[in-house]
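Results of the structural survey
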Amino acid sequence: MTLTEMATQGQDSQGTQQSQSMTKRAVVSSFIFRFPPGQSTKPSVALFKRSEKVRTYRHHLAPISGSIDPTDPDPLAAAWRELCEETSLTPSDLSFWRTGKPFTFSDPSIGREWTIHPFAFRLKDPAEGGRGGEAIRTDWEHEGWQWYDPRAVLGDESLNTVPRLQDSLRRVWFEGTTNERAGKALAAGLERLRADHESGAHELTAIALTVFRDFIVYTQNHLDAEWWDMVRMAAWHLVKNGRESMGAATQNAVLSVLAEIEEIMEQKTGAEQKWDRILALIDFHLRNRTDTAQQVKNSFISYLQCHFSSNGTQKDRLTMLTISSSSTIRDSILEAYDALGIQTLELRVLESRPLFEGASLASSILSAFKSQSKSPDKHLHITMYTDASAALAARDVDIILLGADRISATKGVSNKTGSLPLVLSAKYVTPGVRVVVLSNVEKINGTAGVIDDGLAEGNDPFEVSSAWRSDGVKGVQVLENGMRGSKSDQENSSVTVANTYFEWVPLDMVDAFICEEGILQKDSIEEKTRDLREKADRYFGSL
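All of the points below concern the structure found in this document. (Residues numbered from 1 in each chain as written. Predicted model: local features only at pLDDT ≥ 70, side-chain atom pairs only at ≥ 80, totals over all residues. Heavy atoms only, no water.)

**A closer look at the packing of aromatic side chains**
On inspection of all chains with the given rule, the structure shows 13 aromatic pairs. Considering the side-chain rings of W228 and Y539, the 6.2 Å spacing of their centres and the 90° angle between planes classify their relative orientation as edge-to-face. Taken together, the positions of W228 in helix α7 (residues 225-240) and Y539 in helix α16 (residues 522-540) put the pair 311 residues apart, joining distant regions of the chain. In this structure an aromatic cluster arises from ring pairing among W80, F96, F119 and F121. (Phe/Tyr/Trp six-rings, centres within 6.5 Å; stacked < 30°, edge-to-face > 60°. Helix = DSSP H or I, 4+ residues; strand = E, 2+ residues; numbered from the N terminus.)

Structure, rendered in structure tokens:
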């Protein structure tokens, strides 16, 4: 039996025995962290002393906790609600930092089985527009609070805390369970992934694998069950706390690496040899990513040759329309154009607000074409369109070319917001258009797995308003003041600017999924979804 199987079996048997005759309750546990100005290490964590008026664990130290209501859209929404109710803190004062792996335990003394959803939030200092610790005003559920060193909390068993508080804290603050170099490497890697709004999922996965390799290098010790748990949890954090909305590829990659690490750990060789093989396999995965990208491009060329020729003769002109920026699409367009006997490529690109990735894509393609083209008979014509002009841009196009950040067997293809209106309008104005998705197989997400397909990544609303400001739109300051909100209790108006990056295009609106394996059929997507779910359950389920 492997280490993973033993951990899963132990958890399942223990949980089954303890959960009998228990009232089940799902709750959030939200830790508020404060960092010294200009530092990303040595934080303090706020713990709150529960009052005499609460029903359970009176006078115990706890994070901000509360039940998840049926009306809450997700656990994170419940966390924000409880924070506001119990501390008066809002997104103006806090920024969401990390989510922790949920876990379940029983407390026979009160007849409850708790499922804990841990979260971590960072308190904004005045330089970030926050009010600092002065903004914390507790309600009747607490009789006091103070800042603690999180390492001291993890190491002091004499603290009178609610049950399993230390377990919740470890799940959001992994720095307390690793050595300093490993903790810093993982934390810095997560921040890099979260802040990167330019790289595609393919590049982000390469970054995540590099961070994972560094973490493993810094944790070289005994290849035992404790190390294995720590490595699996680091992999889980890379999926959940980097760019989760673009994390399907990272999830596939790290699960594949974990499966191979487990095989190496079971080999009857020395520890030094095992370490060398573990690092070598991650290096292999990183190198192999280039080969996979080339295979996708080859599949795209074959698709064009099959569908856009007549009696073996290529068309003289091909018109493509795309949105946003994707390295896979950028490279595939240029290689296909170079390989096919097409004289003129008309490329139409939506500008892709608010960051204008479409303009960046067009610029990159044009620069590469000018530097690489050796044939005077080849002509590239690029037309830029505003996002609102999708229907006009789609008239008489041959192909709508989409990338994918996630592929779901039930929801479809998650791509840049604007993709769905583009496909809908193109199907209306040009019924014969082919909607083609270029993607690696690793973008497929497991059903009900680690990554929630219902996740909608919201981003800074001021990314949207900055374009208004730079163009001198009248009244921008009034709107931005409304977006920031007022601290006054008399405020009766507000402004919300939605800045959602991704949306779903249903599977039945896509004519071809082109990947490194060729053209992927829907039943293949469903099969790969099931396989991924099984892997995720195996390596993350017992954590």
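**A few points about helix α6 (residues 201-218)**
Taking 1.5 Å per residue as the helical rise, α6 with its 18 residues ought to reach 26 Å, and the 26 Å between its terminal C-alpha atoms agrees with that figure. Of all the residues in α6, the buried ones are A201, H202, L204, T205, I207, A208, L209, V211, F212, F215 and I216. Buried residues along α6 sit against α5 (180-195), α7, α8 (248-265) and α9 (271-307). (Expected span 1.5 Å × (residues − 1). Buried < 20%, exposed > 50% of the residue type's maximum accessible area, 1.4 Å probe, protein only. Contact = heavy atoms within 4.5 Å.)

**Some remarks on the pattern of salt bridges**
Evaluation of the coordinates by the stated rule reveals 25 salt bridges. R538 is paired through a salt bridge with E262; the nearest N and O atoms lie 3.1 Å apart. Of this pair, R538 sits in helix α16 while E262 sits in helix α8; the two residues are 276 residues apart in sequence, bridging distant segments of the chain. Overall, R538 belongs to the partly exposed group, its relative accessible area being 28%. (Salt bridge = Lys/Arg side-chain N within 4 Å of Asp/Glu carboxyl O.)

**Some thoughts on the sheet that holds strand β17 (residues 434-438)**
Ordered by their spatial adjacency, 7 strands build an open sheet running β13-β12-β11-β14-β17-β19-β20, and the pairing between neighbours is mixed. Among the strands making up the open sheet, the edge pair consists of β13 (379-385) and β20 (518-520). Neighbour-to-neighbour, the strand axes of this sheet turn through a mean angle of 30°, independent of strand direction. Relative to strand β12 (residues 344-350), strand β11 (residues 317-323) runs parallel, the two being bridged by 7 bridges. Looking at β12, one finds that L321 is bridged to R348. Relative to strand β19 (residues 512-515), α9 is tilted by about 140°, and along the sheet it contacts β11, β14 (399-402), β17, β19 and β20. (Pairing = 2+ DSSP bridges. Axes fitted to C-alpha atoms, helices over the stretch in contact; angles between N-to-C directions.)

**So, the nonpolar core**
If you look at the biggest cluster of nonpolar residues, it comprises 49 residues, and the most contacted ones within it are F212, I216, W227, L258, I261 and F540. Elements that contribute at least two residues to this core include exactly α5, α6, α7, α8, α9 and α16. The biggest single contributor to this core is α8, with 10 residues. Both domains that furnish three or more residues to this core are identified here as domain 2 (180-291) and domain 3 (293-449 + 503-541). (Core = buried A, V, L, I, M, F, W, Y, C linked by side-chain atoms within 4.5 Å. Domains from an automatic or database assignment.)

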